[in-house]
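# Residue-level structure breakdown
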Amino acid sequence: MEPVIQMPADAVRIIEKLEQAGYEAYAVGGCVRDSVLGREPEDWDITTSASPEQVKAIFPRTIDTGIEHGTVTVMEHHVGYEVTTYRVDGRYEDGRHPSSVTFTRNLDEDLLRRDFTINAMAYNPHTGLVDRYDGMGDLARKCIRCVGVPEERFAEDALRILRALRFASQLGFEIEEHTLAAMKKLAPRLEAVSAERVRVELVKLLAGEHPELMITAYETGATSIVLPEWDVMMETEQKNPHHLYGVGVHTVKTLLAMHEEPAYLAADEHERMVYDMTMLLHDAGKPESRTTDKHGKQHFKGHPKASAEIARKVLRRLKFDNETTDLVTALVLYHDCRFDLVKAVDYPKAVRHLVSKIGKDRMKYLFTIQRADIRGQHPDYFEVSMREVDRFEREFERILEKEQCVSIRDLAVDGKVLISLGYQTGPELGEALKRLLEVVLDNPEANTRETLMRYATEWLAAE
Ligand code: ATP
Ligand code: MG
């Protein structure tokens, strides 16, 4: 059956202009796939028989996005449309870039270079759907299948192995048997794929509706190359009453739980990535922290610190930006911090100190992370653990309501005031501010100019 595809007016206009100039042009790939599935396409890519120069001659506002690969971005109403010349890719000799691309006048050849049948359909309002490889059938069967011979396609570009897993996670599709077998066979080729390309697919896989595809990623051998830390997690059992599952399966449960958290659902794409990467790595240090007591019960003392170290290493290797790396590493380090509060005599005070150590801005992530983590553990502990998180969060909210000081920035005095009292600029000043913060964390009432100046003056005199 011919699908009805609603294209944005500007995309239709671009196609019509190219056709009026005597060329062919079609919407292609992800946008056609998503339209048929009733999903909102992220962007509309256009494929054309016109060369990049010919495209540029037709449209007044273009950007040379990837001229050597035939891609020109056409701007319409501040939206960019990538217009790419029909091409046949050469071999991906380094597993990264096609070492040569050849332009062609033939749409079928262009569709042949695409990875999966569901991504190899083209559409325009005149011709309708062009579907040479039964992409429609595979969409109906919910099936991810290579265009052509799977071994050859993964040998050309091993990233496609991760793309198959990512689409399976996003769409809830099965990977066709021969395609899956070829993934297993060619997984070692992922060695040659750049960290940036791996990162993009991993982030999309985790954010998809089926992050449990991480288990398939393990089974295919893909993660043994791109994320060996994950394989170790998959292979670590947890003999402990708090846990029903091994570390890997527990991690997947927490990812699934995370995706149901209201804060996750309300989060933007970047925040979701922070949540997903934190869940993925929060227990990465458990394998190396595991000890077994004389009753055969296993413990993972100190694992958050070990996990944080592994997280930083992984995030650096996958070339995440520094800010994301620091944030995720900190969240991994503190994911179990509520246990620091159990023995507190003065609970509000203990929370103030903890919040100060972690940083106020990171707290909102942490409550959500703890809740998702708990949902992945043994249900017997669910209620008690959730109550702990609720109490922790309520106490944090009180800090915000009362605008209590939890950082040097919030102190009623600053460095200038201390200098006016006779302090020297340098480390001495920083130390004094830290000491004042400790005073205020113990006793929020002390956060007034007069009180803090009195303390500072006394300390100076005592030296
Ligand atoms: P998304 O919704 O994430 O953008 P997409 O299918 O549009 O998914 P893109 O990475 O934007 O994926 O690529 C656009 C199209 O280009 C794909 O649909 C596919 O036809 C083709 N393509 C992209 N990457 C590859 C690849 N590594 N090998 C073969 N074809 C590819
Ligand atoms: Mg796309």
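These numbers come from a predicted model, not from an experiment.

Calculation notes
- Residues numbered from 1 in each chain as written.
- Chains lettered and ligands numbered in written order.
- Predicted model: local features only at pLDDT ≥ 70, side-chain atom pairs only at ≥ 80, totals over all residues.
- Heavy atoms only, no water.
- Domains from an automatic or database assignment.
- Near = heavy atom within 4 Å.
- Polar contact = N/O pair within 3.5 Å; in protein donor to acceptor, adjacent residues only side chain to side chain.
- Helix = DSSP H or I, 4+ residues; strand = E, 2+ residues; numbered from the N terminus.
- Nonpolar A, V, L, I, M, F, W, Y, C, P; charged D, E, K, R; others polar.
- Buried < 20%, exposed > 50% of the residue type's maximum accessible area, 1.4 Å probe, protein only.
- Disulfide = S-S within 2.5 Å.
- Patch = residues over 30% accessible without salt bridge, like charges linked within 9 Å, V, L, I, M, F, W, Y side chains within 5 Å.
- Areas by Shrake-Rupley, 256 points an atom, 1.4 Å probe, with all protein chains shown as cover.
- Salt bridge = Lys/Arg side-chain N within 4 Å of Asp/Glu carboxyl O.
- Lys, Arg positive; Asp, Glu negative; His and termini not counted.
- Charge placed at Lys NZ, Arg CZ, Asp CG, Glu CD.

The next subject is the domain arrangement of the chain. As assigned here, the chain comprises domain 1 (9-141), domain 2 (263-401) and domain 3 (408-462). Taking the mean C-alpha position of each, domain 1 and domain 3 sit 63 Å from one another.

If you check the shell around ligand 1, you find 15 residues, and the closest are Arg 33, Asn 119, Asp 157, Arg 160 and Arg 166. At a separation of 2.9 Å, an oxygen atom of ligand 1 approaches a polar backbone atom of Asn 119. No other element matches helix α7 (residues 159-171), which puts four residues into the shell around ligand 1. In terms of residue class, the shell around ligand 1 is made up of one nonpolar, three polar and eleven charged.

Below, the discussion takes up unusual backbone geometry. At His 77, a residue that is not glycine, the phi angle is positive and equals roughly 50 degrees. Residue position: His 77 is located in the loop between β4 (71-76) and β5 (79-85). What makes His 77 exposed here is its relative accessible area of 59%. A positive phi angle is found at Glu 403, which is not glycine, with a value near 50 degrees. Examined against the element boundaries, Glu 403 turns out to sit in the loop between α21 (382-401) and α22 (415-420). Look at Glu 403 and you get exposed, because its relative accessible area is 69%.

Let us look at the state of the cysteines. Within this structure, the stated rule accounts for zero disulfides. As a non-bridged cysteine, Cys 405 has Cys 337 as the owner of its nearest cysteine sulfur, 19 Å distant.

Bringing a negative patch on the surface into the picture now. Together, Glu 42, Asp 43, Glu 82, Asp 268 and Glu 269 make up a region of like negative charge exposed at the surface. In this structure, Asp 43 sits in the loop between α2 (30-37) and β2 (46-48). On the basis of relative accessible area, Asp 43 is assigned to the partly exposed category, the value being 40%.

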